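# Chains, contacts and geometry: an overview
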Amino acid sequence: MNQDHTCPENIYGVDRWGKGLITISSDGEIALCNPAHKAAAPISLPGILSDLEQRGIATPLLLRISSFLENEIRHINQSFSSAIQRVGYKAPYRGVFPIKVNQQAQVIDRIVEFGSKYDFGLEAGSKPELVIALAHRLSKDALIVCNGVKDAEFIRLAILSRRLGFNTIIVLESPKEAETVIQVTRELGIEPLLGVRVKLTNQIGGKWQESSGDRSAFGMNTDQLLRVVDRLKDVGLLHCLKLQHSHLGSQVPDVNDVRRATAEACRYFIELTGEGVPLTHLDLGGGLGIDYTGEKRAAENSINYSIEEYAANVVETVAYAMDEAEIKHPVLVTESGRAVVATSSMLIFDVLETTLYDAPDAPEVQPEDHHLVTDLAAIRGYLVAGRVQECWNDATFYRDELRGLFRRGMVDLRQMARAERIYLSLVAQIKVLVAASDEVNELGEKLKEVADVYHCNFSLFQSLPDVWAIDQLHPIVPLQMLNQRPDRRAVLSDITCDSDGKVDRFILADGISPSLPVHSLEPDQRYYIGVFFVGAYQETLGDLHNLFGDTNVVTVDLRPDGGFDLLHEQEGDTIAEVLSYVEFDPADCVAAFRKMVDEAISNGSVKVSERKILIGAYRDSINGYTYYE
């Protein structure tokens, strides 16, 4: 049965994108469902926030749900296991998590913990990431896959880690890198475990299509590939080459692209096997996407397949190709990052104040006002349902004409203020009439763009960098009052001093909107907004625009009884910490300020009794949270 998207609880499309993890309670609050205990009552997200606030943990904060992370790891591994059993595939699946997607210690620790039963490993694309991987006790059969550009130090550490029992695979990205591996291998006298990255010609669709195809940044073409194979054969290391890496792409929207790219990867695998390369593992890289919008179609922020379908396509395609070539089934490896961590984190902040683009009443026209002010006010006399478009046209025309007169000095400031207030009061009445009509028209769409600004306590650049940089969409929803019809529409502005610091594209049940349905703010009542599925990339990519640092971070686990346990708390950056990131010494800053206070006392502009207050205020600020408190 189709959902009624006009109902308050369905406006935001939570039932479409929530993946059974996010729902709306009968009290009109966003609630979290326990994926491991489906009979457990969903837990109120505002209720969690209230509990955290009593513990002294305030918004803005990043909330990680450990239960969601465990669920995604289980889901991916069980989907591959089921497909392998159904198809009769004769090798296991060994997933690895790309550390670059979320390098935070609490995230990596839990991925290793939850993944141990599945022999789930890690992918390292840099020396620091390899250091992280080697600090974890992985299961005996788990892999560490080393991708990216690697110098001798990186390669040396990877090879030496084999002595500790790590299955560390060095994926060769170029003939030059192969020479470095050969040199380090000779120096150490330890044989490496090698892979080779093959650049596929098949190009996926979607936002990250440039990460695939023969113009992608990493991997070797056929000529380079054979040169490396021949070189390894010449130096007696071909037997070390066990893995073929072929990156399908990132956030692949169309499952048929998965099939086509997997089939091409199999062709390389078969040909390399024919060249005498003893391959045992086929690594298909990333690509498993997230349906951010719930549209379930091949689009930039959506996908047209499930995790089960993805796994089935990969397993069936590889099995068919290998059986036809009479080659032993390879161990299947994927490097799913976004699909593992995206759903497990949410950013939560409150609205500080609003700028409203309508007004509840209008001032009286004064005798000295320009006739256009009078004409604007007269629109109230014929503002009825059948003439809404006409009134909108007239109001906009008169308002724009008056603005022109003001710029030329023909209308004074007080007249202009009255005109603007009259115009906003007309807009308020027009909104009411349009909302009461079932007719979908151009005016209704225009009014969505005449949105209020809700000023919120977060930094877009720090916590949602992909929203700013690449127009990534994330589900954004008020956390309360969802059993009441929203009476306003707004864009969200952050607290940075930057006009780009706003969100003006939102996922709703009926499509993408330039404004978010919200509720009028009640005095002395917090109004929370949540941004969901932010676990992939957002934490590490964030920058220090206006020196806003990391928010508070909390990790919780959902209990079967409908409660939650607080697993970890990380306090957000203080101003002192952020200053140190940009090469300021906080102690030097305090000393410099103290010196200026003492100089002011000497010249008589500051009283001695004020010294403690001034220095105390400076110290309090430098040790405080970078966000609004």
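The structure under discussion appears in the preceding block.
Before going into details, it helps to say that this report is about the structure given with it. Everything quoted here is computed from the prediction, not taken from an experiment. (Residues numbered from 1 in each chain as written. Predicted model: local features only at pLDDT ≥ 70, side-chain atom pairs only at ≥ 80, totals over all residues. Heavy atoms only, no water.)

### Digging into the overall build of the chain
Helix and strand counts for the chain come out as 21 helices and 23 strands. Referenced to the eigenvectors of the C-alpha coordinate spread, the extents of the chain come out at roughly 100 × 75 × 55 Å. In the chain, the proportion of contacts linking residues at least 24 apart, taken out of those at least 6 apart, comes to 76%. Summed over its atoms, the accessible surface of the chain is roughly 28100 Å², and 50% of this surface lies on carbon and sulfur atoms. Separation between the mean location of the 61 positive side-chain charges and that of the 91 negative ones in the chain comes to 4 Å. (Helix = DSSP H or I, 4+ residues; strand = E, 2+ residues; numbered from the N terminus. Contact = heavy atoms within 4.5 Å. Areas by Shrake-Rupley, 256 points an atom, 1.4 Å probe, with all protein chains shown as cover. Lys, Arg positive; Asp, Glu negative; His and termini not counted. Charge placed at Lys NZ, Arg CZ, Asp CG, Glu CD.)

### Considerations on the side chain of E539
For E539, the location among the structural elements is in helix α18 (residues 538–541). With a relative accessible area of 15%, E539 lands in the buried category. Of the polar contacts made by the side chain of E539, one reaches the side chain of N102; its length is 2.9 Å. For E539, the contacting residues outside a window of four places in its chain are L62, R64, N102, Q104 and S345. (Buried < 20%, exposed > 50% of the residue type's maximum accessible area, 1.4 Å probe, protein only. Polar contact = N/O pair within 3.5 Å; in protein donor to acceptor, adjacent residues only side chain to side chain.)

### What about the sheet that holds strand β3 (residues 43–44)?
With antiparallel pairing, 3 strands are arranged side by side in an open sheet as β1-β2-β3. The open sheet has two edge strands with one neighbour each: β1 (22–24) and β3. As paired strands, strand β2 (residues 30–32) and β3 are joined by 2 bridges and run antiparallel to one another. In the strand pairing of β3, A31 is matched with S44. (Pairing = 2+ DSSP bridges.)

### Considering the packing of helix α20 (residues 586–602) against helix α21 (residues 611–622)
When two helices pack together, you describe them by how their axes are tilted relative to each other and by the distance separating the axes. Between α20 and α21, the least distance of the axes is 10 Å, while the angle of their chain directions is 160°. Here α21 runs roughly antiparallel to α20, going by the angle between their axes. Of the two possible hands of crossing, α20 and α21 adopt the one that is right-handed. Across the interface between the two elements, P586, C589, V590, F593, R594, V597, D598 and I601 from α20 touch R611, L614, I615, Y618, R619 and I622 from α21. (Axes fitted to C-alpha atoms, helices over the stretch in contact; angles between N-to-C directions. Parallel < 35°, antiparallel > 145°, perpendicular 65-115°, else oblique. Left-handed = near helix turned anticlockwise from the far one by under 90°.)

### Brief notes about the pattern of salt bridges
Side chains that differ in charge, positive against negative, can pair when their charged atoms come close. Counted under the stated rule, the structure contains 32 salt bridges. Between D350 and R526 there is a salt bridge, and its shortest N-O distance comes to 3.1 Å. Of this pair, D350 sits in strand β13 (residues 345–355) while R526 is found in the loop between β20 (516–518) and β21 (528–532), placing the two residues 176 residues apart along the sequence. Its relative accessible area of 35% is what places R526 among the partly exposed residues. Where salt bridges share partners, they join D358, K431, D452 and R488 into one cluster. (Salt bridge = Lys/Arg side-chain N within 4 Å of Asp/Glu carboxyl O.)

### Let's talk about the pairing of strand β6 (residues 121–124)
Where burial is concerned, the two faces of β6 agree: the one with G121 and E123 and the one with L122 and A124 are both buried. Pairing analysis gives 3 bridges linking strand β5 (residues 96–98) to β6, with the strands arranged parallel. Opposite V96, over in β6, you have G121 as the bridge partner. In this fold, β6 hands off to helix α5 (residues 127–134), which returns the chain to strand β7 (residues 143–146); that crossover is right-handed. (Right-handed = clockwise from strand over helix to strand, strands pointing away.)

### Some points on the sheet that holds β7
By way of backbone hydrogen bonds, the strands of a sheet pair with one another, either parallel or antiparallel. Judged by pairing direction, the sheet is parallel, and its 8 strands sit side by side in the order β5-β6-β7-β8-β9-β10-β11-β12 without closing on themselves. The sheet terminates laterally at β5 and β12 (331–333), the two strands that pair on one side only. Along the sheet, successive strands turn relative to each other by an average axial angle of 25°, direction set aside. Running over the sheet, helix α7 (residues 175–188) touches β8 (167–172) and β9 (193–197) and is turned about 140° from β8.

### Here we look at the environment of L279
Within the element layout of this structure, L279 appears in the loop between α9 (255–274) and β11 (281–283). Exposure remark for L279: the relative accessible area of 11% places this residue in the buried category. Between the C-alpha atom of L279 and that of Q538, which follows or precedes it by 259 residues, the distance is 36 Å. Among all residues touching L279, those that are not within four sequence positions of it are L241, K242, L243, Q244, F269, L272 and T273.

### Considerations on helix α12 (residues 371–378)
Regarding α12, the residues found buried are L372, V373, L376 and A377. Viewed end-on, α12 has its buried residues packed into an arc of 140°, placing them on one side of the element. Summarising the contacts, the buried residues of α12 are in contact with α13 (388–407) and α14 (413–436). (Arc of directions from axis to C-beta.)

### Describing unusual backbone geometry
In this model, T59 is joined to P60 through a cis peptide bond whose omega is 5°. Relative to the elements of secondary structure, P60 occurs in the loop between α2 (45–54) and β4 (61–65). With a phi angle near 55°, E326 is a residue other than glycine that sits in the positive phi range. Residue classification places E326 among the exposed residues on the basis of a relative accessible area of 75%.

### Here we look at the packing of aromatic side chains
The final tally for this structure, using the stated rule, is 12 aromatic pairs. Geometrically, the ring pair formed by F397 and Y398 is edge-to-face, given 5.8 Å between the ring centres and 65° between the ring planes. Judged by relative accessible area, which is 45%, F397 ranks as partly exposed. Where Y625 meets Y627, the ring centres are 5.3 Å apart and the plane angle is 65°; that geometry is what we call edge-to-face. Judged by relative accessible area, which is 13%, Y625 ranks as buried. Members of the aromatic cluster, joined through ring pairs, are F80, Y93, Y305 and Y310. Here the basic side chain of R399 rests over the ring of Y423, its NZ or CZ set 4.3 Å away from the ring centre. (Phe/Tyr/Trp six-rings, centres within 6.5 Å; stacked < 30°, edge-to-face > 60°. Lys NZ or Arg CZ within 6 Å of the ring centre and 35° of its normal.)

### A word on a nonpolar patch on the surface
On the surface, a cluster of nonpolar side chains totalling about 350 Å² of accessible area is made up of L547, Y581, V582 and F584. Considering the arrangement of structural elements, one finds Y581 in helix α19 (residues 575–581). (Patch = residues over 30% accessible without salt bridge, like charges linked within 9 Å, V, L, I, M, F, W, Y side chains within 5 Å.)

### Considering the state of the cysteines
According to the stated counting rule, one finds 0 disulfides in the structure shown. The thiol sulfur of C146 is not disulfide-bonded, and the nearest other cysteine sulfur, from C240, lies at 15 Å. Taking the relative accessible area as the measure of exposure, C146 reaches 0% and is therefore buried. (Disulfide = S-S within 2.5 Å.)

### A short note on the environment of E70
By secondary structure assignment, the location of E70 is in helix α3 (residues 66–87). When the C-alpha positions of E70 and D557 are compared, they lie 9.9 Å apart, and in sequence the two are 487 residues distant.

### Re the environment of D412
With respect to the helices, strands and loops of the structure, D412 is situated in the loop between α13 and α14. Residue D412 is classed as partly exposed on the basis of its relative accessible area, which comes to 42%. Residues D412 and N10 lie 402 residues apart in sequence; the distance between their C-alpha atoms is 47 Å. Within the structure, D412 has its side chain in polar contact with the backbone nitrogen of Q415 (distance 2.8 Å).

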